[in-house]
Amino acid sequence: MSSDSFSRVGVAGLVAGAAATAFVGPALSRSAPSPAGAAPAFRGTSQSTASGVSFGTAALGTATLAAVATSARKQRTSRTAKVVRQQAPPSTAVAERKTEDLTGALPDCPGTIWNAEDIDIKKLPPVKQTAPLIIDAAELGDELKKGTEKQWVAAQKDKIMAQLQDHGAIWFRNFETTKQPDGFREFYEALQLNPCLDPIHTSGLRAMEEKKHAVYEAVNKPSLAGHFVGLHNESTFVKTATYGAFVCFKQASEGGGEFLIADGAKILEDMDPAVLERIYTNKVRISVSNLDLNFLGSLPDGMRESASDFFQDLIFKVVAPKFDMDLEMVYGADQSNPYRLQAIEHAQSPINKHPVTGQPVWFCNLHNHSRYLRDRRPCTVPEVGMTDVYSGDLSAIPYDDVRHINEVCEKNIQVMAMKEGDVVLLDNYRVLHGRNTFKGDRKHAVTWFESCGEPLANNQKQKPDDFMNELINKTLV
Ligand SMILES: [Fe+2]
């Protein structure tokens, strides 16, 4: 789960490691002095540039989500490049797909498609259908007995993907072949879904459960069993998976661990317009790690300023690119410590329009990352990995607003006690996900997808630094 606390622990760990290495390095040489410990002076002023892409609604009417993702990436790399629309091949193409080993062969996660300007939140369109739609193999009877589950899914592919667009998520229950990774792979390939890396793969914080099938583990580690994963899209400011498929290989042996989803369109519909107006206007910024460089306070005047700048610059240049999250390094944003260096995403809208339908949706990980909320529910993340969410100007979001947003999010949570073999397919731009705390052993997994149909063109395979992923999962986790 990309922007979950699991990742944040590792982010902080990596940042800390890099900083420690740097401190014994040769040079405190480059930085211009700046006011030591003066938090506002260290706050960045830069704004995000080309990382997010806005699309006009008119251009989206007939495009598939995959097509939009394609065009988004092309827009990011070349504004003059010809946009190629993605078309799904006929269903018969499924049979020709090879189940090759996907180790090292996955394309990067697509760029986030931002379409967040000029949303009239006082005139939101009605939400006609919501998540989840349930497809129960036990209720299909003779229809399923005519062939294998894979054949049934392949034959229903177009209908299923249309239903997914309408509902935002589909819960497949009582399927047999999806109880094992290879059967799960057959399932998603029958839908012509093309796997990709998760948005923070480069960080090395997400272990892949079954590399050859592109299956990531879904926050099953015992150290995080008691941690509640709040609602979030699998998204950063710059990267967003198009679809996701969660699968249960084993329920938590001693209870809990239910998968949670919430419809971003319904959340928006239920929100107090005044709160919505405020947060939409102010935007949000998400802090992903805290690094307390308290030794800076012990340095003599003159050296303190240059050292502060040095570490800010070093961590930004050496570590932040690994996460490809468009982070800014900011001292003292949470007002707790002037020498606390926080990695913070740039200002972004908490509302986005769905790339295909144009439906405005709550597209914000506040429910998962708000420090105010984390402090009031089961949370096992150490201070260094604690996240927070600020207004766009780095001021605190009013607690009354945070409480209201929390209430609306929780009102819309659908608790899904997935059983072995159950799959939840979700539209990652429409539906947020999370999971309950659990006890015992649990084995849930997830595969992320860039597109449906033919794989997107020009998406370089395993483009991000997989070395980092390998290293951290073998050493730090
Ligand atoms: Fe997630």
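It should be emphasised that the depicted structure is a prediction, and the values quoted were computed from it without experimental measurement. (Residues numbered from 1 in each chain as written. Predicted model: local features only at pLDDT ≥ 70, side-chain atom pairs only at ≥ 80, totals over all residues.)

Q: What should I look at first to understand the overall build of the protein in this one?
A: Across its full length, the protein carries 14 helices and 20 strands. Within the protein, the proportion of its 477 residues that are buried is 51%. Long-range contacts, defined as pairs at least 24 residues apart, comprise 86% of the intrachain contacts of the protein with a sequence gap of at least 6. (Helix = DSSP H or I, 4+ residues; strand = E, 2+ residues; numbered from the N terminus. Buried ≥ 20, exposed ≤ 12 C-beta atoms within 10 Å, placed from the backbone. Contact = placed C-beta atoms within 7 Å.)

Q: Would you mind going over the sheet that holds strand S8 (residues 229-232) with me for this structure?
A: Working definition: the strands of a sheet are paired by backbone hydrogen bonds and lie parallel or antiparallel to each other. Spatially, four strands are ordered S8-S19-S10-S17 in an open sheet, and the strand pairing comes out antiparallel. The outermost strands of the open sheet, each flanked by one partner alone, are S8 and strand S17 (414-416). Sheet twist, expressed as the mean angle between neighbouring strand axes with direction ignored, is 20°. (Pairing = 2+ DSSP bridges. Axes fitted to C-alpha atoms, helices over the stretch in contact; angles between N-to-C directions.)

Q: Explain unusual backbone geometry here, please?
A: The general pattern is negative phi for most residues beyond glycine and trans for most peptide bonds. A cis amide bond links alanine 131 to the next residue, proline 132, at an omega of -5°. With respect to the helices and strands, the residue proline 132 is situated in the loop between strand S2 (113-114) and strand S3 (133-136). Positioned with a positive phi, asparagine 174 is a non-glycine residue whose angle comes to about 60°. Along the chain, the position of asparagine 174 falls in the loop between strand S4 (169-173) and helix H7 (181-190).

Q: What exactly am I supposed to notice about the nonpolar core here?
A: Generally speaking, nonpolar side chains in soluble globular proteins are found buried as a group. The biggest cluster of nonpolar side chains holds 101 residues, and the ones touching the most others in it are Ala169, Ile261, Val423, Val424 and Leu425. Per-element accounting of this core gives the leading share, six residues, to strand S9 (residues 243-250). Contacts of leucine 425, omitting those with residues within four sequence positions, involve Leu164, Ala169, Ile170, Phe172, Tyr243 and Ala245. (Core = buried A, V, L, I, M, F, W, Y, C linked by C-beta atoms within 7 Å.)

Q: I tried to follow the confidence of the model for the protein on my own but got confused; where do I start?
A: Per-residue confidence for the protein gives a mean pLDDT of 77; residues scoring 70 or more make up 72%. In the predicted structure, residues 1-96 sits below a pLDDT of 50 and forms 208 contacts with residues beyond four places in sequence or in another chain. Below pLDDT 50 for its whole length, residues 467-477 participates in 19 contacts with residues either more than four positions away or in separate chains. (pLDDT = per-residue confidence, 0-100.)

Q: Which parts of the structure should I look at to understand the packing of helix H9 (residues 273-282) against helix H13 (residues 399-411)?
A: Packed helices, taken two at a time, are described by the angle their axes make and the gap between the axes. Two elements in contact, H9 and H13, have axes separated by 10 Å at closest approach and are oriented at 110°. In terms of orientation, H9 and H13 fall into the roughly perpendicular class. Considering only the axes of H9 and H13, their crossing is left-handed. Touching Val275, Arg278 and Ile279 of H9 are Asp401, His404 and Ile405, all from H13. Considered class by class, the residues forming the contact of H9 with H13 number three nonpolar, one polar and two charged. (Parallel < 35°, antiparallel > 145°, perpendicular 65-115°, else oblique. Left-handed = near helix turned anticlockwise from the far one by under 90°. Nonpolar A, V, L, I, M, F, W, Y, C, P; charged D, E, K, R; others polar.)

Q: Looking at this structure, I do not really get the sheet that holds strand S11 (residues 284-292). What am I missing?
A: Read from one edge of the open sheet, four strands run S12-S13-S11-S16, paired in antiparallel fashion. Edge strands, defined here as strands with exactly one partner in the open sheet, are strand S12 (327-331) and strand S16 (388-391). When strand polarity is set aside, the average angle formed by the axes of neighbouring strands in this sheet is 35°. Relative to strand S13 (residues 340-345), S11 runs antiparallel, the two being bridged by five bridges. Following the sheet pairing, asparagine 290 is matched in S13 by glutamine 342.

Q: What is the right way to read the pairing of S12 from this model?
A: Put simply, side chains in a regular strand alternate between the two faces of the sheet. Across the five residues of S12, five count as buried, placing the element largely inside the fold. Neither face of S12 is open: one carries Leu327, Met329 and Tyr331, the other Glu328 and Val330, and all of them are buried. Bridging between S12 and S13 involves five bridges; their strand directions are antiparallel. Bridged to tyrosine 331 within S13 is leucine 341.

Q: Is there a simple way to explain the environment of tyrosine 429 in this structure?
A: Topologically, tyrosine 429 is positioned in the loop between strand S18 (423-427) and strand S19 (431-435). You can call tyrosine 429 buried: it has 29 C-beta atoms within 10 Å. Once the C-alpha coordinates of tyrosine 429 and alanine 241 are considered, the two residues, 188 residues apart in sequence, prove to be 8.2 Å apart.

Q: Help me understand H13, please; the structure alone is not making it clear to me.
A: At 3.6 residues per turn, the α-helix brings residues three or four places apart onto the same side. Between the first and last C-alpha of H13 there are 18 Å, a value that for 13 residues agrees with the 18 Å anticipated at 1.5 Å per step. Among the residues making up H13, those that are buried are Asp401, Val402, Ile405, Val408 and Cys409. Down the axis of H13, the buried set is contained in an arc of 130°. They therefore lie on one face. Of the residues in H13, the exposed ones pointing more than 90 degrees away from the buried face are Tyr399, Asp400 and Lys411. The inward-facing, buried residues of H13 abut S8, strand S10 (259-263), helix H8 (264-270), H9, helix H11 (366-369) and helix H12 (371-374). (Expected span 1.5 Å × (residues − 1). Arc of directions from axis to C-beta.)

Q: What is the right way to read the environment of glutamate 189 from this model?
A: By the element assignment, glutamate 189 lies in helix H7. Placed 264 residues apart in sequence, glutamate 189 and glycine 453 show a C-alpha to C-alpha distance of 9.7 Å.

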